[in-house]
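# Residue-level structure breakdown
Here is what each chain is made of, one letter per residue.
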Amino acid sequence: MRWKIFFLVTFLNPWIWRIFDRSLVVFALLVVSTFTLYLTFRCNDCRYKKYISIVVLLFLGTFQYRITYVKSLVNLSNDDIRVRDMRLKEYPPVKFTLVNKPVWIPLAHWFEGRPESISFFRILYNLSEAVDPNLYFFANHPRERVGTQEFEKFPYLLFPFFALGYFLIIEKSKQLLVTSFIIPVFFLSLIGHDSKIGPFLLFPFFAVASTVGLERLDKSAGKLSKIKKRTVCILFLSLYLLVFVQILIYASH
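This text gives an overview of the structure that appears in the document. (Residues numbered from 1 in each chain as written. Predicted model: local features only at pLDDT ≥ 70, side-chain atom pairs only at ≥ 80, totals over all residues. Heavy atoms only, no water.)

### A few points about the packing of helix H7 (residues 115-130) against helix H10 (residues 174-191)
The description of two helices packed together rests on the angle between their axes and the distance between the axes. Packing of H7 against H10 leaves a shortest axis separation of 7 Å and a crossing angle of 130°. Classed by the angle they form, the pair H7 and H10 counts as oblique. The handedness of the crossing between H7 and H10 comes out as right-handed. For the pair H7 and H10, contact is made by Ile 123, Asn 126, Leu 127 and Ala 130 and by Val 185, Leu 188, Ser 189 and Leu 190, respectively. Within the contact of H7 with H10, the residues separate by chemical class into six nonpolar, two polar and no charged. (Axes fitted to C-alpha atoms, helices over the stretch in contact; angles between N-to-C directions. Helix = DSSP H or I, 4+ residues; strand = E, 2+ residues; numbered from the N terminus. Parallel < 35°, antiparallel > 145°, perpendicular 65-115°, else oblique. Left-handed = near helix turned anticlockwise from the far one by under 90°. Contact = heavy atoms within 4.5 Å. Nonpolar A, V, L, I, M, F, W, Y, C, P; charged D, E, K, R; others polar.)

Given below as structure tokens:
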């Protein structure tokens, strides 16, 4: 049953087929990476699979960088300059008196004008987008971005199971969490994920975490009688297929 759940989550989502339509190489790398990441989680003594997964993720990172429109962390567009100037005017003047002379502190410039602060807030913005579940399960609603075609990457029905799987992965393997989630998120925070197929570098982790969460549901259903368990499976699969078809219909309009 585990492998049925794995294939259901990995291949029955709109994200993987959008990637397949754009790049066959990225599609193949994602399938291999997701497969090895899942084996690494399930196998306690499979070090070589862990290394394979890391190598594949490195290749995926290269493709992510090439496909993504990388914005500078310090350069400002005309609109960015307009917003910055508006925010600079909102800061109150800050000063203190030293030997009966006023000393003015350019606090507004430090927060809004310094290249370091601009980079920091842009990295923080990229980070908040990369870890936002709305981006993956709800087409980034209600924070849709102007000029970006938002799309649901996984059926929203999987969100609670992803959350459960996330905590199960933390409980069992923090190292796996670092290599498959934290490091990719840090990389995406630096380059952003402005591409037509999104931050696919995180696809393996989201697929595996959702699979692990669904497996826990299957394990809980195993305590039921055979008829009840079959009924639960049929109901869930039917609902999953309906949601998947609904997403495809919305995406075609």
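### Examining the pattern of salt bridges
Per the counting criterion, the structure on display carries two salt bridges. Here Arg 42 makes a salt bridge to Glu 215, at a shortest N to O gap of 2.0 Å. Placement of Arg 42 in helix H3 (residues 24-42) and of Glu 215 in helix H11 (residues 203-221) is noted, with a sequence separation of 173 residues between them. Here Arg 114 ties to Glu 116 by a salt bridge, and the two come within 3.1 Å at their closest N and O atoms. (Salt bridge = Lys/Arg side-chain N within 4 Å of Asp/Glu carboxyl O.)

### Points about the nonpolar core
In this structure, Leu 60 and Phe 206 are the most contacted members of the largest nonpolar core, which totals 48 residues. With eight residues, the top contributor of residues to this core is H11. (Core = buried A, V, L, I, M, F, W, Y, C linked by side-chain atoms within 4.5 Å. Buried < 20%, exposed > 50% of the residue type's maximum accessible area, 1.4 Å probe, protein only.)

### Comments concerning the side chain of Gln 64
Within the secondary structure, Gln 64 sits in helix H4 (residues 47-67). We classify Gln 64 as buried; its relative accessible area is 0%. Not counting residues within four places of it along the chain, the set of residues in contact with Gln 64 comprises Phe 187, Leu 188, Ile 191, Ser 195, Gly 198, Pro 199, Phe 200 and Leu 201.

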